[in-house]
Protein chains: 2
Amino acid sequence: MNKSILFSDITIVTPHDGAPVSIVEHAYCSVTGNKIVYVGTSKDEASEALKDASEVFQYDGKNKILCPTFANAHGHTPMSIFRNIADDRSLQDWLFGQIIPREDRMIADDFYYGNLLTLAEMIEGGTGCVANMYDGALLIAKGAVETGFRVQQTSMGKKCVDGKWSVDRTSVDELNSFIANEGKGLITHSLLVHSIYLYPEDFYKPLAELAKEYDLPVSVHISETITENDNCQKSYGCSPVQKLDWAGLLNDKTVAAHCVHLTPEDRKILADRKVWVAHNPSSNMKLASGFADMVNMQKDGVRLCIGSDGAASNNNQDMFMEMRLASFMAKGTTLDPTVLTAEDVFTMSTRNGYLACGFEDCGIIEQGMRADLQIIDYDCPQMWPLGNPLSALVYSCGPKCVESVMIDGQFVLYKHELKTIDMEKVKAETKKTMERLK
Amino acid sequence: MNKSILFSDITIVTPHDGAPVSIVEHAYCSVTGNKIVYVGTSKDEASEALKDASEVFQYDGKNKILCPTFANAHGHTPMSIFRNIADDRSLQDWLFGQIIPREDRMIADDFYYGNLLTLAEMIEGGTGCVANMYDGALLIAKGAVETGFRVQQTSMGKKCVDGKWSVDRTSVDELNSFIANEGKGLITHSLLVHSIYLYPEDFYKPLAELAKEYDLPVSVHISETITENDNCQKSYGCSPVQKLDWAGLLNDKTVAAHCVHLTPEDRKILADRKVWVAHNPSSNMKLASGFADMVNMQKDGVRLCIGSDGAASNNNQDMFMEMRLASFMAKGTTLDPTVLTAEDVFTMSTRNGYLACGFEDCGIIEQGMRADLQIIDYDCPQMWPLGNPLSALVYSCGPKCVESVMIDGQFVLYKHELKTIDMEKVKAETKKTMERLK
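For clarity, every value in this text was computed on a predicted model and none was experimentally measured.

### Remarks on the interface of chain A and chain B
- Taken residue by residue, the interface counts 54 residues in chain A and 54 residues in chain B.
- When residues of the side of chain A that touches chain B are traced back to their parent elements, those giving at least two are α3 (108-124), α10 (281-286), α12 (319-334), α14 (389-396) and α15 (423-436) of chain A.
- Split into classes, the residues belonging to the side of chain A that touches chain B amount to 23 nonpolar, 18 polar and 13 charged.

Written out as structure tokens, the structure is:
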């Protein structure tokens, strides 16, 4: 049924490049293979676009919204195995007392099944793509392809022997090889430069060169906490943004998570370099990192997207909540209810996220784009009466209302049922992991 | 099946008066009529407690959490009919340009069905009680009793003739009469004193006397915005808290919504008078009112609960989100991740909310308390693996995971199906209302 599908009489809400988000009621959308071949209000034209299909599956759009899936621009997918075990603690205690000691004991299955568990949660919440910053690249990429989910996966690009770090092409080559041979167009690749505070200084420029040589984006955490900034000032006499820029690590493919504590000069550098900033509302509040100044970043022309961070610090992967919180935090901190509108955060969570993850033909419902779509059922008390569909998506909706999710033309969730993940196996394995790592 | 029920081998998470929140795995809970008659870990004792029942319905607790329903301490239930119609606007434009002109044209059905729509949403999100501040008291109370939902409903206590306001006992007497004759123990009563900014000064003391005469709590908005405070200073030379205290409107039954902008002296007055403060995280952020200082209120001994505010300014009634956001906002604004813990906000959203609404025997799972319970299904990616069940409820859970809701011993939601509300009728009527009031 996935080969050709006709979404009929549905409300389509979608961003566009260089034009406002559009809302079209009583619309039609035709999908063949993994591509959108028609979007508009003519049933005849929608059918005509599928005239060569052997079979056309009809999706009745009554009380439904069709919109792009979310692209979550900052995640650590295997961390679902650490869910709800270390809350209401200081960052120091949380990271060094609870998380890292467990991470040190992870085995291959933990990466593989932890990742699948998060992908399942993301799918149920309307997400179809994640920028994933974690070790275990091949295990994660393999699980994503099996699931039919898009991932921008980091590779390490380094090894550590006898306390001395060096650049390591092996992990980069291996992930490149996987992408070329088995990736099915679902996996993109970026180089991990975790943060100023975890990487030694003499390692920045070699990694920047490696990224350039392989034409890879760089994934990095920037200015998540005041402590990070203070220590960077002490060590290098400048901000993390300035230090990374000095090393040549900031460009139009870099995805920089957090960016909570920036100076106006930092914002200017990020805007000039066209860096993608991945805002993490829940994680930044829950870990008490602070409030990223999204309004001034937006004013300064910084490119913005939204992420959930890992399930150990959030503790769910609900992009509806992140999108809404991004707007709430901006309004609350500026005392201006007109900033970071529904349109802004919806675009950040969909089109911008896909661009940041390197999927140029996703995140917009237009002819020729990939069919990465979610169907929202608004026939429920939480979204009734609908009012403005864009407001409803941002301010009322939640995972409960996500009926179906299609990625690259394949239904991975169909009428609330996961189609490509064996949840019983995933649950059994991740429960074992949590108990083993106690 | 509602008369006697045995929840078996379930995880029970509940607050207690004067003791920490408890988490008991493999527990049993017996309910007869509208009361809890056993809670503990003995299957035999749980069965023995139901030995006189003609029939005992078994509820299998595998992968389930049993916890109290939420009591939402500040709502305007009919406002669901204004959902998603006026977002990203200034408070002035929102209230006076969009909401009030519509409210002026509301008819009886709008109050009745708007209220039912919100109760349906609340039930699906695990809420069993709301402090409701709105006109149409008898229509709302009637709908709540038909639904089997607890409401602390305001009555007006005033009339306005030729621009002159006077105390009006009629509305108070009518609601008291309804409660006595038809309330079924589900409705409590409070007197509306909307706010300093909407009520004339010479009206405060007569309303305080009326509340005293009838032994009624008072429901009021306090210091929601800086403008409210500034105008109060200009008019009266003091803060809204001080002015209301001068009038005798603050006592241990008063429910004060918002309290975003308080001085240390205001906090001391609220603590001394034992006022219930209803925090509204989403609404305060979305309308850009600011961040209530919950941490210092808690330190000063102010009694705290949590509300959603109306669906016109939130725009959903998800107490999981409000509970989580209360914790997030406190952590984010203080830069301390250890404040307003899962335990704090869970107690505020359950036991404290019921006490604020005047339901003394709800909000705790103990023998002798009313059976106001929700069953959470954690057999889903969003809550798996469970980890700490209390953390999971606060930081991972959402309406999607609410399987069943029991109020006063009656299932109002059973395995995701609303049992007491005719949703087709409610949807049709509220859609008509939204279109009529455009």
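Now that the structure has been shown, we can carry on.
### Overview of the domain arrangement of chain A
Residue and element names in this part refer to chain A.
- Its domain assignment divides chain A into domain 1 (4-68 + 361-418) and domain 2 (70-356).
- With centres defined by C-alpha atoms, the gap from domain 1 to domain 2 works out at 28 Å.
- Taken together, the contacts link 25 residues of domain 1 with 28 residues of domain 2.
- Of all the secondary structure elements, the ones that give two or more residues to the side of domain 1 that touches domain 2 are β2 (19-32), α14, β17 (402-407) and β18 (410-414).
- Among the elements that take part in the side of domain 1 that touches domain 2, α14 stands out by supplying 5 residues, more than any other.

### Structural notes on the sheet that holds strand β11 (residues 187-192) of chain B
Residues and elements named next belong to chain B.
- Taken in spatial order, the 8 strands line up as β6-β7-β8-β11-β12-β13-β14-β15 in an open sheet, and their pairing is parallel. Looking along the sheet, the strands with just one partner apiece sit at the ends: β6 (70-75) and β15 (303-306). Looking at each pair of strands side by side, their axes are set apart by 30° on average, direction ignored.
- Note: strand β13 (residues 255-258) against strand β14 (residues 276-279), 3 bridges, orientation parallel.

### Concerning the relation of the copies chain A and chain B
- For the pair chain A and chain B, the superposition axis carries a translation of 0.0 Å, the fit reaches an RMSD of 0.0 Å, and the rotation angle comes to 180°. When the rotation and shift are considered jointly, the pair of chain copies conforms to a two-fold rotation axis. Taking the C-alpha atom as reference, chain A places A:K400 closest to the rotation axis, 2.3 Å from it.

### Comments concerning the pairing of strand β10 (residues 164-167) of chain A
All names here are of chain A.
- As judged from the 4 bridges shared by strand β9 (residues 158-161) and β10, these two strands associate in the antiparallel manner. For C160, the partnering residue across the bridge sits in β10 and is W165.
- In sequence, β9 turns back onto β10 through a hairpin of 2 residues, with D162 there showing a positive phi of about 50°.

### Here we look at helix α7 (residues 226-236) of chain B
All names here are of chain B.
- Where α7 is concerned, the buried positions are E228, N229 and C232. Along α7, the residues classed as buried sweep out an arc of 95° about the axis, all on the same side. When the buried face of α7 is taken as reference, the exposed residues oriented beyond 90 degrees from it are D230 and K234.
- Buried residues belonging to α7 abut α8 (240-246).
- Count one or two residues on from α7 and you reach G237, which has phi positive near 70°.

### Brief notes about the nonpolar core
- One finds A:C29, A:A256, A:A278, B:C29, B:A256 and B:A278 to be the most contacted residues of the largest nonpolar core, which totals 267 residues.
- When near neighbours in sequence (up to four residues on either side) are disregarded, A:C29 contacts A:F7, A:I10, A:I12, A:I36, A:Y38, A:V39, A:L66 and A:I365.

### As for unusual backbone geometry
Residues and elements named next belong to chain B.
- Omega for the bond connecting N314 with N315 falls within 30 degrees of zero, at 10°, which places this linkage in the cis form.
- Going from W384 to P385, the amide bond is cis rather than trans, its omega being -15°.
- Inspection of the secondary structure puts P385 in the loop between β16 (373-377) and α14 (389-396).
- Of note, the phi angle at L335 is positive, near 55°, even though the residue is not glycine.

### Things to note about the sheet that holds strand β11 (residues 187-192) of chain A
Residue and element names in this part refer to chain A.
- Pairing is parallel across the open sheet formed by 8 strands, whose spatial order is β6-β7-β8-β11-β12-β13-β14-β15. Every interior strand has two partners, whereas the edge strands, β6 (70-75) and β15 (303-306), have only one. Here the strands of the sheet are splayed against their neighbours by 30° on average, with no regard to which way each runs.
- Relative to strand β8 (residues 150-155), strand β7 (residues 127-132) runs parallel, the two sharing 4 bridges. Residue pairing for β8: C129 is matched across the bridge by R150.
- Along the sheet, helix α5 (residues 169-182) contacts β8 and β11; its crossing angle with β11, the most-contacted strand, is approximately 170°.
- Sheet strands touched by helix α13 (residues 342-356): β6, β7, β13 (255-258), β14 (276-279) and β15. Its angle to β15, the strand with the most contacts, is close to 100°.

Scoring rules and cut-offs
Residues numbered from 1 in each chain as written. Chains lettered and ligands numbered in written order. Predicted model: local features only at pLDDT ≥ 70, side-chain atom pairs only at ≥ 80, totals over all residues. Contact = placed C-beta atoms within 7 Å. Helix = DSSP H or I, 4+ residues; strand = E, 2+ residues; numbered from the N terminus. Nonpolar A, V, L, I, M, F, W, Y, C, P; charged D, E, K, R; others polar. Domains from an automatic or database assignment. Pairing = 2+ DSSP bridges. Axes fitted to C-alpha atoms, helices over the stretch in contact; angles between N-to-C directions. Least-squares fit on C-alpha atoms with pLDDT ≥ 70 in both. Buried ≥ 20, exposed ≤ 12 C-beta atoms within 10 Å, placed from the backbone. Arc of directions from axis to C-beta. Core = buried A, V, L, I, M, F, W, Y, C linked by C-beta atoms within 7 Å.

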